[in-house]
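Secondary and tertiary structure notes
So the chains spell out like this:
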Amino acid sequence: MLGNKASRQKPCHRCKSRSASAPPDTSTIHYEKFWLYRHCSSVQQGDRQAQKAGQLFSGLLAMNVVFLGSAFISSMIFNHVAITLADVWILLSILKVLCLCWIIYYLLGTSRQPHAVLYRDSHAGPIWIRGSVLLFGSFSILLNVFQIGYSAILIQCKSSLEIVFPSIEILFICTQAFLLWHHSKDCIQVQHNFTRCGLMLTIATNLLLWLLAVTNDTIHMEIESQLREVEQRFAGNETTSCTCPNTTICKVFQKGYILLYPFNTEYCLVCCSVLYVMWKNVGRRISHHHVPHIKPKFKLQGVVFGPLLGTAAVIIGICVFMMYQIQATGSAPSRQVFVMYYSYYIVLLPLMSVGAVIGTIIHALEKRELDTVKNPTRSLDVILLMGAALGQIGMSYFSIVALVATDPRDLLNSLILSYSVLLIFQNITQNVFIIDGLHRQPFVAATEARHTGHAGQHAVASELAGEEETMTSSKQEHTQMSPGKEEEMKEGQNHEGCDQRRVSMLELGQEIRKASLSYIHSYSHLNWKRRALREISFFLVLCNIILWVMPTFGAHPAFENGLEKSFYGYSTWFAIVNFGLPLGVFYRMHSVGGLLEVYVTA
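To start, this report covers the structure provided alongside it. (Residues numbered from 1 in each chain as written. Predicted model: local features only at pLDDT ≥ 70, side-chain atom pairs only at ≥ 80, totals over all residues. Heavy atoms only, no water.)

1. Considerations on the overall build of the protein
- Looking only at helices and strands, one finds 20 helices and two strands in the protein.
- When burial is assessed residue by residue, the protein has 45% of its 602 residues classed as buried.
- Residue pairs at least 24 apart in sequence account for 87% of intrachain contacts in the protein once pairs closer than 6 positions are excluded.
- Carbon together with sulfur atoms contributes 65% to the accessible area of the protein, which is approximately 32,400 Å² in total. (Helix = DSSP H or I, 4+ residues; strand = E, 2+ residues; numbered from the N terminus. Buried < 20%, exposed > 50% of the residue type's maximum accessible area, 1.4 Å probe, protein only. Contact = heavy atoms within 4.5 Å. Areas by Shrake-Rupley, 256 points an atom, 1.4 Å probe, with all protein chains shown as cover.)

Below, the structure written as structure tokens:
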């Protein structure tokens, strides 16, 4: 029986290598039973256990920091006497100083060590997300400059901490943006635990800054929607006497601060997503076959109808938004403005849903294989899409319950009800389309690129061959017509100058025609599935951009129409909108990045 067990055991690779030279009757030695061999083979398993332990410890650190900061912010909201805004600023300033120390140490110490960055994740930190970090970071810096200027003008009724906190914030934003722009693709191989803890501390700080920005943004929404109620509520507060003087610079600082405030929340969330991918890549080793040899690039070729329809949606949306903002800033928005606003959404959302459904069907029909390679960036994109969509979906369900329970037959109520249902369907269909597209292999086959390139060159060359021959013949004729006399030489030079200008104009027209012919040729030679995917993706990109612009710059009809607020009560609906609106804004911005990825790989 022992012999049967021994015969069924799987021989190791050393046994296999020695089986050819050993005689048949020699007993087989299993080196897996030796302590040294078992110890050497468990090094990789020990690395995995150490990696999980480091991730667990750093995650617990971030969780405790987030809970502590959330307790401070919640205490400031519900009991502003014991915990003030200055106390929250002091805590966040301490956290930002600690993050700055770690970032400087990473830039000057950890990343410059030998064999520190042996691998770089090609999927992490794409250009669109790094560009959004710079864009939102620049607006956040400008926001803090406005805050410093506004507090400096009102220094007689404001504390010096309101100038110190934005100054530290500017330094933190600049240093963090530099880190994310240059090191977002790093797979660091040294000082794993310290790097994980530093990244998680920075993520927790950005989350607390986002939470504080959201709570402060509610005050701006409250001032815009119910100015009289806010004045009555804060009648006895000393901050009401600290009003802006009648100067232009003070008004500019105040309006600029309110206008740029939403960009700060977007900046914090984008930084959290990039830092999380860096945290997942700590200690990661990437094999060579995981690195793509041909990287797809963004080219505006093969799309015609998507940009046209998307541009029309953007232009109409800007007009609707401007009319809504004029009514909202002048006085209370009228009923006609709400009808116009929701009607625009009711027309646009079904078009987006139909496009997403068609794109999903095309994904099911095409023969591209699924990309099963481990990709932390793609996993995070899926989580953020699903999580951020919960904001708009949750608000929509609350609106549906309130409207069905009151009077759904009213015109405005029926429009809001239709808008809520269509918004839920649009979020679901768009998420399915983006997630399915992110998990597909890109169309970057070298043979296909060569065939299409050669075909396009031959097609353009065949159409322009006649013109090139005529131009070369005309050049030869002019070079042969050169007389020996001086006067005739001068006249010939004048004629040659005119002819050269004419030839240059012909060459310019030829280049323009060549570019147009190549564009038409690339459009005609694209597969209809690829063409449809690009058209749909580009249309959805432009639609999500305008749906991001409208709530970001002040259009909040969900709070200003008063229907859900009267049903749930002021405080309850205020908390629902405060939770759902920032997530909805972030969802639109993140969807643009996902759709661009789908467009590039199609």
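2. Comments concerning unusual backbone geometry
- Non-glycine residue His115 carries a positive phi angle of around 60 degrees.
- Looking at the element boundaries, His115 is found in the loop between helix 5 (85–108) and strand 1 (117–120).
- Residue classification places His115 among the exposed residues on the basis of a relative accessible area of 59%.
- Here the phi dihedral of Gln191 falls at roughly 50 degrees; this positive angle occurs in a residue that is not glycine.
- Residue position: Gln191 is located in the loop between strand 2 (186–188) and helix 8 (192–225).

3. Considerations on the nonpolar core
- Within the largest apolar cluster, 116 residues are counted, with the highest numbers of intra-cluster contacts made by Leu92, Tyr344, Tyr345, Leu348, Met352, Phe433 and Met550.
- No other element matches the 16 residues that helix 10 (residues 248–280) contributes to this core.
- If near-sequence neighbours (up to four positions away) are discounted, Tyr345 is found in contact with Pro350, Tyr419, Leu547 and Met550.
- The next biggest cluster of nonpolar side chains, apart from the first, holds seven residues, and it includes Met395, Trp573, Ile576 and Val577. (Core = buried A, V, L, I, M, F, W, Y, C linked by side-chain atoms within 4.5 Å.)

4. Section: the packing of helix 13 (residues 376–405) against helix 20 (residues 570–601)
- Two elements in contact, helix 13 and helix 20, have axes separated by 8 Å at closest approach and are oriented at 140 degrees. When the axes of helix 13 and helix 20 are compared, the pair comes out oblique. As for how helix 13 packs across helix 20, the hand of that crossing is left-handed. Along its contact with helix 13, which presents Asp381, Leu384, Leu385, Gly387, Ala388, Ala389, Gly391, Gln392, Met395, Phe398 and Ser399, the element helix 20 presents Trp573, Ile576, Val577, Gly580, Leu581, Leu583, Gly584, Phe586, Tyr587, Arg588, His590 and Ser591.
- Residue classes in the contact of helix 13 with helix 20 are distributed as 13 nonpolar, eight polar and two charged. (Axes fitted to C-alpha atoms, helices over the stretch in contact; angles between N-to-C directions. Parallel < 35°, antiparallel > 145°, perpendicular 65-115°, else oblique. Left-handed = near helix turned anticlockwise from the far one by under 90°. Nonpolar A, V, L, I, M, F, W, Y, C, P; charged D, E, K, R; others polar.)

5. Examining a nonpolar patch on the surface
- Side chains of Val357, Ile361, Leu365, Phe425 and Trp528 sit close together on the surface and give an oily, nonpolar patch of about 500 Å² of accessible area.
- Sorting elements by how many residues they give to the nonpolar patch places helix 12 (residues 335–365) first, with three residues.
- Tracing the backbone through its elements, the reader meets Trp528 in helix 17 (residues 528–552). (Patch = residues over 30% accessible without salt bridge, like charges linked within 9 Å, V, L, I, M, F, W, Y side chains within 5 Å. Salt bridge = Lys/Arg side-chain N within 4 Å of Asp/Glu carboxyl O.)

6. Section: empty space enclosed by the protein
- Per the counting criterion, the structure on display carries two cavities of 30 Å³ or more.
- Its boundaries defined by the atoms lining it, the largest cavity holds a volume of some 310 Å³.
- Lining the largest cavity are 23 residues; nearest its centre among them are Gln392, Met395, Tyr419, Leu423 and Leu581.
- Element by element, the count of residues in the lining of the largest cavity is highest for helix 20, at five residues. (1 Å grid on protein atoms, 1.4 Å probe; cavity = no way out; pocket = protein on both sides within 12 Å on 5 of 7 lines; lining within 4 Å. Points joined across faces, edges and corners; volume = space filled by probe spheres on them.)

7. Notes on the packing of aromatic side chains
- Under the counting rule described, the total for this entry stands at 20 aromatic pairs.
- Relative to Tyr345, the ring of Tyr341 lies with its centre 5.1 Å away and its plane at 40 degrees, an arrangement referred to as tilted. Taken together, the residues Tyr341 and Tyr345, both in helix 12 and four residues apart, mark about one turn of the helix.
- Of the residues examined, Tyr341 reaches a relative accessible area of 3% and is grouped as buried.
- According to the relative accessible area criterion, Tyr345 is buried, its value standing at 6%.
- An angle of 65 degrees between the planes, with centres 5.2 Å apart, marks the rings of Tyr342 and Tyr419 as edge-to-face. Taken together, the residues Tyr342 in helix 12 and Tyr419 in helix 14 (residues 411–438) connect sequence positions 77 residues apart.
- Its relative accessible area of 2% is what places Tyr342 among the buried residues.
- Among the aromatic residues, those joined into a cluster by ring pairs are Tyr324, Phe338, Tyr341, Tyr342, Tyr344, Tyr345 and Tyr419.
- Sitting over the face of the ring of Trp181, Arg130 holds its NZ or CZ atom 4.7 Å from the ring centroid. (Phe/Tyr/Trp six-rings, centres within 6.5 Å; stacked < 30°, edge-to-face > 60°. Lys NZ or Arg CZ within 6 Å of the ring centre and 35° of its normal.)

8. A look at the side chain of Ser184
- Summarising the element assignment, Ser184 is placed in the loop between helix 7 (161–183) and strand 2.
- By relative accessible area, which is 2% here, Ser184 ends up buried.
- When sequence neighbours within four positions are dropped, the list of residues in contact with Ser184 reads Ala124, Gly125, Arg130, Leu179, Val274 and Met278.

9. What about the environment of Ser75?
- Topologically, Ser75 is positioned in helix 4 (residues 43–78).
- Since its relative accessible area comes to 29%, Ser75 is described here as partly exposed.
- When the C-alpha positions of Ser75 and Val88 are compared, they lie 9.6 Å apart, and in sequence the two are 13 residues distant.
- Polar contacts involving the side chain of Ser75 include one to the main-chain carbonyl oxygen of Ala71, which spans 2.7 Å. (Polar contact = N/O pair within 3.5 Å; in protein donor to acceptor, adjacent residues only side chain to side chain.)

10. A word on the environment of Thr202
- Within the secondary structure layout, Thr202 lies in helix 8.
- Thr202 sits in the buried class, given a relative accessible area of 0%.
- With 70 residues separating them in the primary sequence, Thr202 and Cys272 have C-alpha atoms 8.1 Å apart.
- If we ignore the near neighbours within four places in the chain, the residues touching Thr202 are Cys99, Trp102, Phe172, Gln176 and Leu275.

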